[in-house]
Amino acid sequence: MCCFGINHRTSPLAVREQFAVAKRNLQQCNQDVAALPHVEECVLLSTCNRTEIYYWSACPEEAQTAILGYFLGHLGAHEAARNAACFYRYEAEDALRHLARVAAGMDSMVIGETEIFGQIKDAYREAVAAGATASCSNRTFQRIFSIGKKVRTETRITSGPTSVGAAAVQLAGSAFGGLEGVNVLIVGAGDIARSTAQSLRSRGAEGIFVANRSYDRAVELAEKVGGRVIRFTEWIPYLEQIDIVIVSTASPVYVVGPAVLSQTQATRQGRPLFLIDLSVPRNVDPACANLPGVSVHDIDTLQNLARQSHDARQSEIERAEGIIEEWLAENMQDLFMPRSPYTA
């Protein structure tokens, strides 16, 4: 078992976003990687903070070369992303330990993040549907789900903000001295947008608006948090009354740019506009930050909050690490022992 990837610790967002794989493309990418030379089984995990391939191979270095070539070529990454220092590879016990830490929220930007567990389940489900898994990967991921749940159950690692969305809401609340009387627009209705909306509501935000390409999904989310729906084609004019915009969509291009915001700011009479971009690739053009009264924050901006979260949970982190090490000792031999082709 090996892991080859790139994450928020090894590269900035401008590089990571070049390797992000949209959920709708996961099956095809799994099929592509599984068909590469020396790759026997694989599972592709792509989130806002990481793109990782877990793969099984008798020739791991040759497989890694093929995988890197696929990502650089097929995804069209720019020259800046070719720096080998951006990538990491783990083998055998180290790879299994890394995956266990990811599943437990230990390797997330916000320690104890809860979304990653569901994202791993989704990634595995897509790999199975693509026909990219077999006995080794199937056994491994079933065990991984158990350790991810065990860490969350037996520690308090999930206390406090446990998602990127919650950290974003904390950042916005600090900027405005609270969320009472503040109007917030959420662009998107996926998992991160949903957790963000719920965090907004729990922290007292009442003026919540939701815009999404799928109107029905926007209605569903708005109803859950007591918000209002704006049609996706009409949300720009609403910015005149919005204080905070949180963007989290699967668009591969910018959906907010300086040309549009410059017109909007002219009608806002100096009121500040706070933009938080939780999308990977980014959906808010960084050039928007050059406009008067506009501030832009992306995934990497949240790292300061993540560090505070890490420090506050240090004792729980140590307990979680101990649980993972015990689990490794119990499962290593079974997961890596060669099996008969007749063994399920």
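Predicted model, so just to flag it, every value in this text is computed and none were measured. As a convention, each chain's residues are numbered from 1 in the sequence order in which they are written. The predicted nature of this model means local features are confined to residues of pLDDT at least 70 and side-chain atom pairs, given and counted, to a pLDDT of 80 or more, with totals for whole chains, interfaces and linings taken over all residues. The side-chain quantities take in all heavy atoms of the structure and omit both hydrogens and water.

**Here's the deal with the layout of surface pockets**
The cut-off we apply is this: With a 1 Å grid spanning the protein atoms alone, the term cavity applies to any set of points in which a 1.4 Å probe fits but cannot get out, the term pocket to an open set with protein on both sides within 12 Å along at least five of seven lines, and the term lining residue to any residue with an atom within 4 Å of a point. Grid points are joined across faces, edges and corners, and a volume is the space filled by probe spheres set on the points. Under the scheme used here, helices are H or I runs from DSSP no shorter than 4 residues and strands are E runs no shorter than 2 residues, and both carry numbers assigned from the N terminus. Under the scheme applied, nonpolar residues are Ala, Val, Leu, Ile, Met, Phe, Trp, Tyr, Cys and Pro; charged residues are Asp, Glu, Lys and Arg; polar residues are all the others, including Gly.
Each pocket or cavity is described by its volume, and for the largest pocket that value is around 1,300 Å³. For the largest pocket, the lining is made up of 46 residues, of which Ala22, Lys23, Thr249, Ala250 and Val280 are closest to its centre. When residues of the lining of the largest pocket are traced back to their parent elements, those giving at least two are helix H2 (26-34), strand E2 (41-46), helix H3 (60-74), helix H5 (115-129) and helix H8 (191-202). Considered class by class, the residues forming the lining of the largest pocket number 22 nonpolar, 15 polar and nine charged.

**Some remarks on the side chain of Asp298**
The following threshold applies: Burial classes follow relative accessibility: with a 1.4 Å probe on protein chains only, a residue under 20% of its type's maximum area counts as buried, one over 50% as exposed, and anything between as partly exposed. His is not counted here, nor are the chain ends, while Lys and Arg score as positive and Asp and Glu score as negative. Each salt bridge in this description consists of a side-chain nitrogen of Lys or Arg and a carboxyl oxygen of Asp or Glu lying within 4 Å of one another. Distance and chemistry together define a polar contact, namely a pair of N or O atoms within 3.5 Å, with one atom able to donate a hydrogen and the other to accept it when in protein, and with adjacent residues in sequence counting only for side-chain atoms on both sides. Contacts between residues were defined by any pair of non-hydrogen atoms, one from each residue, lying within 4.5 Å.
Here Asp298 shows up in strand E10 (residues 294-298). Buried and unpaired, Asp298 has Arg282 as its nearest opposite-charge partner, separated by 4.1 Å. A distance of 3.0 Å separates the side chain of Asp298 from the backbone nitrogen of Asp300, its partner in a polar contact. When neighbours within four sequence positions are excluded, Asp298 is seen to be in contact with Leu13, Asp277 and Arg282.

**Topic: empty space enclosed by the protein**
Within this structure, the stated rule accounts for two cavities of 30 Å³ or more. When its volume is computed, the largest cavity comes out at roughly 70 Å³. Of all the elements in the fold, those that place two or more residues in the lining of the largest cavity are strand E1 (2-7), strand E3 (50-56) and H3. Its residues placed into classes, the lining of the largest cavity shows seven nonpolar, two polar and one charged. In this structure, the second largest cavity occupies an estimated 40 Å³ of space. Along the lines of polarity and charge, the residues of the lining of the second largest cavity split into two nonpolar, four polar and two charged.

**Topic: the sheet that holds E2**
As a reminder of what qualifies: Two strands pair under a simple rule: DSSP has to find at least two bridges between them. Axis angles are defined between N-to-C directions and span 0 to 180 degrees, where every axis is a line fitted to C-alpha atoms and, for a helix, only to the segment in contact.
The four strands lie next to each other as E2-E3-E1-E4, forming an open sheet whose pairing is antiparallel. A strand with exactly one partner marks an edge of an open sheet, and here the two such strands are E2 and strand E4 (88-91). Adjacent strand axes in the sheet meet at a mean angle of 15°, parallel and antiparallel pairs treated alike. In terms of strand pairing, E1 meets E3 through six bridges, oriented antiparallel.

**Section: the sheet that holds strand E7 (residues 228-231)**
If you trace the six strands from one edge of the open sheet to the other, you get E7-E6-E5-E8-E9-E10, paired in parallel fashion. Two strands lie at the open edges of the sheet, namely E7 and E10, each paired on one side alone. Direction aside, the axes of adjacent strands within the sheet are offset by 20° on average. Bridging between strand E5 (residues 183-187) and strand E8 (residues 244-247) involves four bridges; their strand directions are parallel. Counterpart to Val187 in the pairing with E8 is Val247. Packed on one face of the sheet, helix H7 (residues 164-176) meets E8, strand E9 (273-277) and E10 and runs near 165° to E9. Those strands touched by helix H9 (residues 215-225) are strand E6 (207-212) and E7, and its axis lies near 160° from that of E6.

**A short note on the confidence of the model for the chain**
Put simply, the rule reads: Known as pLDDT, the predictor's confidence for each residue is given on a scale from 0 to 100.
Per-chain confidence: the chain averages 85 in pLDDT, with 90% of residues scoring 70 or above. For the chain, the element scoring lowest by mean pLDDT is helix H11 (residues 303-312), at 66; E2 scores highest, at 96. Across residues 338-344, where pLDDT falls below 50, the model places three contacts with residues more than four positions away in sequence or in other chains.

**Let's talk about the side chain of Asp277**
Take Asp277: it is sitting in strand E9. Buried and unpaired, Asp277 has no salt bridge, with Arg282 as the nearest side chain of opposite charge at 5.7 Å.

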